[in-house]
Amino acid sequence: MAEAAAFQGTGPSPARRWLRRTLTVAVGAPLLAGLLQVPSAPPAQAAEETPVSRTVDVAIDTLTPSAPVEGDTVTVTGTLTNRGKRVITDATVNLRVGPRMDSRSEIDQVARRKGFRSDSDPQPMDAPEIKVPRLAAGVPQDFRISVPVSELDLDDEGGVYQLGVSITGQTSDARWDRVLGIERTFLPYQPEPTAKRTQLTYLWPLISSAHVSADTASDDQQSPVFQDDDLAEELRPGGRLDEMVTLGKDLPVTWVIDPDLLASVDAMANGYRVKDGTGHTPGTEANRKLAERWLGMLENAVQGRKVVALPFADPDLASLAHRGKAVPGSLQHLQSATALAGSTVETILHVQPSTDFAWPVEGAVDPSIMAVATSAGARKVIARSDSIQDDDLSYTPTAARPIGGGTTAVVSDAELSTAFQGDMVRAETSTLAVQEFLAQTLAITLEQPQDRRSVVVAPQRQPSVSQAQAMAAAVRGLGAKRWTEPLDLVAAAAAKPDPDASTTVPRASRYPKKLRDNELPVDAFRDMKTTGDALDDFKVILSKADRVVPPLLTAINREMSTSWRGRTTEAAIYRVDVQDVLQRLTKSVMLVDKSDLTLSGRSATIPVTVQNKLLQDVKGLVLRLTSSNGTRLKVDGETSADLPITVRAGHSQSVKFPASANANGQVSMTAQLYTVDGTPYGSSMTFSVKVSEMTPTVMLVIAGGVLLLVLAGVRMYSQRKRLAARAAEAETEAEAEAEAEADAQAGTEDGTEAEAHARAVDEAGTAGDTAGGDTGDGAGHPSDPDTDTGTESGDPSGPGEKVDR
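Rules used in this analysis
Residues numbered from 1 in each chain as written. Predicted model: local features only at pLDDT ≥ 70, side-chain atom pairs only at ≥ 80, totals over all residues. Heavy atoms only, no water. Helix = DSSP H or I, 4+ residues; strand = E, 2+ residues; numbered from the N terminus. Contact = heavy atoms within 4.5 Å. Phe/Tyr/Trp six-rings, centres within 6.5 Å; stacked < 30°, edge-to-face > 60°. Buried < 20%, exposed > 50% of the residue type's maximum accessible area, 1.4 Å probe, protein only. Salt bridge = Lys/Arg side-chain N within 4 Å of Asp/Glu carboxyl O. Pairing = 2+ DSSP bridges. pLDDT = per-residue confidence, 0-100. Expected span 1.5 Å × (residues − 1). Axes fitted to C-alpha atoms, helices over the stretch in contact; angles between N-to-C directions. Parallel < 35°, antiparallel > 145°, perpendicular 65-115°, else oblique. Left-handed = near helix turned anticlockwise from the far one by under 90°. Nonpolar A, V, L, I, M, F, W, Y, C, P; charged D, E, K, R; others polar. Core = buried A, V, L, I, M, F, W, Y, C linked by side-chain atoms within 4.5 Å. Patch = residues over 30% accessible without salt bridge, like charges linked within 9 Å, V, L, I, M, F, W, Y side chains within 5 Å. Areas by Shrake-Rupley, 256 points an atom, 1.4 Å probe, with all protein chains shown as cover.

A. Structural context of the environment of G78. Here G78 shows up in strand β2 (residues 73-82). Placed 350 residues apart in sequence, G78 and E428 show a C-alpha to C-alpha distance of 7.8 Å. Dropping the residues within four chain positions of it, G78 is found in contact with A59, I60, D61, Q141, D142 and F143.

Dropping the structure here:
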């Protein structure tokens, strides 16, 4: 409109123009100032880490070398990922190198930052610089930046520096350059070795969870039975335990080993079985060879190195101190686990381990934990600096702390020990953790460069594969020994302590709640006591206790393992399984059930049978039979009687108790096995005996009945004899008649002979009459007692004659 008015020659007067200009300046100045301040607004907001500076995710995947020296070239690689919804254009990627850091706390602050902060992040380097014309949303783009160390403007005396990678660019809704993403890491730079290098001890733990059950096979080797076959997965090439040995064999570390792991792998190498439902099946030959290979690798790796053996199965000292002490006998399991540690490691790896170290969970201690640890013989307890704290010191003191009573607390550094507990699968996470670890160790050395101190690193008990790889990368980064030198744990525990370091064990109230909540419950220790007591009662009757006791004792030790933390259900199942195995064995020696008995008479024997299904003889048992009514029925003259018993493997044995009855009626009898010390063994057995006493009247009736039976038998015998005699006489008469008929027939045929025979008979009769005198007709009968019959003729009797039988 003004241009039109001027063109038409009707413009405003000079006074009006002056007024308009004044108003324009007055009104426009604030607007212009606001416009001019817009580009500077983002830095003011970035100081508060606005979300804008997190639009792009900058990932540093590699930084080489991790600890450069003069003459090296630092190379950083990574990826850029646009997390926003708009395309980024005209972007540049730059390095930002900050000033030297003076303390570990400053490193911690930088590590916690996420977005860009203009008040603390250094300015970008002019070179090198990467141009990114376009970065689409959600599409990652790789980058690589290399720069000589000489161009980083580092101090010749060395130190820790912040190294950042940032991207600056524009978006379609904001056409000005601003920082859209940044990632920070650390550059430890020590071109020359320090005068006093920090002695660094890195623990390399070989610990696993419990895999072996309490059960064994019935073969001569007593092959152990595994709960599962998961241990084989850890032993495979690339598996967790395989990676720990592969990496650790080339590192200056102290091996901290759970002997139970060695015993389990050794069992696999010599033949094992795996649970399969209610039974178990043989382990595969491939897994056996895996175990054999792993043990060989480990044995070679530990030769000439310090090895620390934890108590068998790595018992949870805190759970034992806080809850297990309430159950009598719990500390005995810790003592047996400690005693078993040294021999197990020496037998399998052929090295002499140190067995006087205790390692509570995460190094958290209190007076009760210290007392429990030392009760089993430990004189060195691995604690952590977030438990035994040194708040009044501006530097990191030496790890060894004498706490009295001949006990040394070896206080590991909390920040270094937890450096690799996160997810190390991503290259970015691993690289940042390694760089921070190296930076922290250099900062420790530079805190007191005139003093040599000893620092211990106690990482997580069971590092994953990626965590182990990150740990190994960190230890290798210290290989040049420019500010640290390796030291084994035994030497670190014996190092001269710092007089200003804290030696105060924190109170029980300061024990971390998150750790206390994951402790084994009191019921777990009660289950252990129940199992242990039952095993003590069982082993005294065994002829070969060494086949049963060791597998069960080691299983009880495994029930106290630290590996059960956070696995409450699995721990309970394992304890029940151990109890079931022992109960199955103890019930293999049992009383055989009896049916009710009837006892007739005043005395008899009562048999009781004991069955042994074990594969070994049992001895030292006493069988007691008790009558519920000693007046009615006594056992061996008393209310109860004891008889020793021994039963062969796979057999049954009967024991006969003499019993005497005094009255009729029902009596309840109880049989119970006892050990020689009087402890009941197994369940009792009850049966009934019905007593039926014999009175004199009953005996007389029975005697009469027997006499009648005898008389009847005699009568039957006599009758049979008479019948037999009659039959014989009839047979004789029949024969005589037959002979007579034969003779008569013969006389008819030869009359002369018959006549002659008749005359002879007559003559004989006449002579007989003469010799007989006046005696009459009956004088010649042999039945007549007064008559002397003389010599009887040997010829057969004639017909109708009586024969004396």
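B. Focus on the packing of aromatic side chains. What the rule picks out here adds up to six aromatic pairs. A ring pair is formed by F420 and F437, whose centres lie 5.6 Å apart and whose planes are at 40°; its orientation type is tilted. Here the residue F420 occupies a position in the loop between α12 (414-417) and α13 (427-447), and F437 occupies one in helix α13, the gap between them amounting to 17 residues. For F437, a relative accessible area of 1% puts it in the buried group. Aromatic pair F538 and Y681: ring centres 6.4 Å apart, planes at 20°, arrangement stacked. With a gap of 143 residues between them, F538 in helix α17 (residues 522-539) and Y681 in strand β29 (residues 680-692) connect regions that are remote in the sequence.

C. Focus on the pattern of salt bridges. All told, the structure shown has 35 salt bridges when counted by the stated rule. The shortest N-O distance in the salt bridge between R453 and E447 comes to 3.4 Å. We classify R453 as buried; its relative accessible area is 3%. When salt bridges that share partners are traced, they join D316, R323, E519 and R565 into one network.

D. Layout of the side chain of E428. Looking at where E428 falls in the secondary structure, it is placed in helix α13. Setting aside chain neighbours within four positions, we find E428 in contact with V58, A59, I60, D61 and E183.

E. Highlighting the pairing of strand β18 (residues 407-412). For β18, the buried fraction is high: six of the six residues fall into the buried class. Neither face of β18 is exposed, since T407, A409 and V411 on one face and T408, V410 and S412 on the opposite face are all buried. Bridging between strand β16 (residues 380-384) and β18 involves five bridges; their strand directions are parallel. Residue pairing for β18: A383 is matched across the bridge by V411. For strand β17 (residues 400-404) and β18, the ladder comprises four bridges, and the chain directions are antiparallel. When the bridges of β18 are listed, R401 appears paired with A409. Here β17 hands over to β18 after two residues, with G405 in that stretch at a positive phi of 70°.

F. The confidence of the model for the chain, seen in detail. Residues at a pLDDT of 70 or more form 83% of the chain, whose mean pLDDT is 85. Here residues 1-46 scores under 50 on pLDDT; set against residues more than four positions off or in separate chains, the count is 14 contacts. Per-residue pLDDT stays below 50 along residues 746-805; that stretch engages in seven contacts with residues further than four places along the chain or on separate chains.

G. Summary view of the environment of L261. Note on placement: L261 falls in helix α7 (residues 259-269). Once the C-alpha coordinates of L261 and S208 are considered, the two residues, 53 residues apart in sequence, prove to be 6.2 Å apart. Beyond its immediate chain neighbours, meaning those up to four positions away, L261 contacts L206, I207, S208, L231, L241 and W294.

H. Highlighting helix α14 (residues 465-477). In this model, α14 (13 residues) spans 18 Å end to end at C-alpha, consistent with the 18 Å of a helix rising 1.5 Å per residue. Residues S466, Q467, A468, A470, M471, A472, A474, V475 and G477 constitute the buried set of α14.

I. The arrangement of the sheet that holds β17 in detail. Taking strand neighbours across the sheet as the criterion, the four strands line up as β15-β16-β18-β17 in an open arrangement whose pairing is mixed. Edge strands, defined here as strands with exactly one partner in the open sheet, are β15 (357-358) and β17. Note that β15 and β16 share two bridges and pair parallel. If you follow F357 over to β16, its bridge partner there is K380.

J. Representation of the packing of helix α4 (residues 104-112) against α13 within the structure. Closest axis-to-axis distance for the α4/α13 pair is 9 Å, and the angle between their directions is 160°. With respect to each other, α4 and α13 are oriented roughly antiparallel. Relative to α13, α4 is oriented so that their crossing is right-handed. Residue-level contacts link R104, I107, D108 and A111 of α4 to E436, A439, Q440, A443, I444 and E447 of α13. When its residues are assigned to classes, the contact of α4 with α13 shows five nonpolar, one polar and four charged.

K. Geometry of unusual backbone geometry. That bond from T64 to P65 is cis: its omega, -15°, falls within 30 degrees of zero. Turning to its location among the elements, P65 is positioned in the loop between β1 (56-64) and β2. Across the junction of A127 and P128, the peptide omega takes the value 0°, indicating a cis bond. Structurally, P128 is set in the loop between α4 and β4 (129-135). In this structure, D153 takes a positive phi of about 55° despite not being glycine. Structurally, D153 can be placed in the loop between β5 (141-148) and β6 (159-171). D153 sits in the exposed class, given a relative accessible area of 70%.

L. Highlighting the environment of Q653. Counting through the fold element by element, Q653 comes out in strand β27 (residues 652-661). Measuring from C-alpha to C-alpha, the distance between Q653 and L591 comes to 9.7 Å, with 62 residues separating the pair along the chain. Setting aside residues no more than four positions away along its own chain, Q653 makes contact with V608, T609, V610, I645, T646 and V647.

M. Geometry of the nonpolar core. Residues L623, L625, L633 and M669 are the most contacted members of the largest nonpolar core, which totals 74 residues. Beyond its immediate stretch of four places on either side in the chain, M669 contacts I606, L625, T626, S627, L633, V635, M685, T686, F687 and V689. In this structure, L349, V434, A439 and V455 belong to the second largest nonpolar core, which totals 65 residues.

N. Molecular detail of the sheet that holds strand β24 (residues 618-627). One open sheet holds the five strands; their spatial order is β22-β29-β28-β24-β26, and the pairing between them is mixed. Strands at the two margins of the open sheet, each flanked by one partner only, are β22 (597-600) and β26 (640-647). If you compare each strand with its neighbour and ignore which way they point, the axes differ by 30° on average. In the sheet, strand β28 (residues 665-675) pairs with β29 via nine bridges, with the strands oriented antiparallel. Paired with A671 across the bridge in β29 is M685.

O. Highlighting the side chain of S264. Following the sequence through the fold, S264 ends up in helix α7. Given a relative accessible area of 3%, S264 falls into the buried group. In contact with S264, other than residues within four places in its own chain, are V212, F226, L231 and R558.

P. Focus on a nonpolar patch on the surface. On the surface, a nonpolar cluster with roughly 480 Å² of combined accessible area is contributed by L707, L708, V710, L711 and V714. Its location among the elements puts V710 in helix α20 (residues 696-749).

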